[in-house]
Amino acid sequence: MLYDPLLAPTARGTRHHICREVPEMDAALADLKQRPGICSYTRPLGIRTEVNRRRHLNLFDPDGTRTELMEPTTVDGKRGISSPDPPPH
């Protein structure tokens, strides 16, 4: 991830994450809601459009580590940016 200064280890759970590409976010969310383990998941499940104009859904494990689901294309068909942050020194 691109950031400066380096984050404390306790703050890296959301920045250091994996991302899975899914073809259609509504279908991915519907699939998640059908799984048995979802009954014990306490965080809200919501699809958001981020700064890169792609639809995302974030999931967090008990330690706060994020797994992101993301669609392959932007909502408006335009090219998305990879990061708004400047490159590290």
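It should be noted that the structure appears before, not after, this text.
Residues numbered from 1 in each chain as written. Predicted model: local features only at pLDDT ≥ 70, side-chain atom pairs only at ≥ 80, totals over all residues. Heavy atoms only, no water.

> How do you make sense of the environment of threonine 49 when you look at a structure like this?
With respect to the helices and strands, the residue threonine 49 is situated in strand β2 (residues 48-49). In this structure threonine 49 comes out as partly exposed when scored by relative accessible area, which is 45%. Linking threonine 49 and threonine 74, residues 25 residues apart in sequence, is a C-alpha distance of 8.8 Å. Apart from residues no more than four positions distant in its own chain, threonine 49 is found in contact with Arg54, Arg55 and Val75. (Helix = DSSP H or I, 4+ residues; strand = E, 2+ residues; numbered from the N terminus. Buried < 20%, exposed > 50% of the residue type's maximum accessible area, 1.4 Å probe, protein only. Contact = heavy atoms within 4.5 Å.)

> Quick question: what am I supposed to make of the packing of aromatic side chains here?
For any pair of aromatic rings, the description rests on two quantities: the centre-to-centre distance and the angle between the ring planes. On inspection of all chains with the given rule, the structure shows zero aromatic pairs. In this structure, arginine 43 is placed above the aromatic ring of phenylalanine 60, and the distance from its NZ or CZ to the ring centre is 4.2 Å. (Phe/Tyr/Trp six-rings, centres within 6.5 Å; stacked < 30°, edge-to-face > 60°. Lys NZ or Arg CZ within 6 Å of the ring centre and 35° of its normal.)

> Could you clarify how one ought to interpret the sheet that holds β2 in this entry?
What links the strands of a sheet is backbone hydrogen bonding, and the strands pair in either a parallel or an antiparallel sense. Sheet architecture is open: four strands sit in the order β1-β4-β3-β2, paired in mixed fashion. In the strand order of this sheet, the two ends are held by β1 (18-21) and β2, each with one partner. Contacts from helix α1 (residues 25-34) reach β3 (54-60) and β4 (66-74) within the one sheet, and its direction differs from that of β3 by about 20°. (Pairing = 2+ DSSP bridges. Axes fitted to C-alpha atoms, helices over the stretch in contact; angles between N-to-C directions.)

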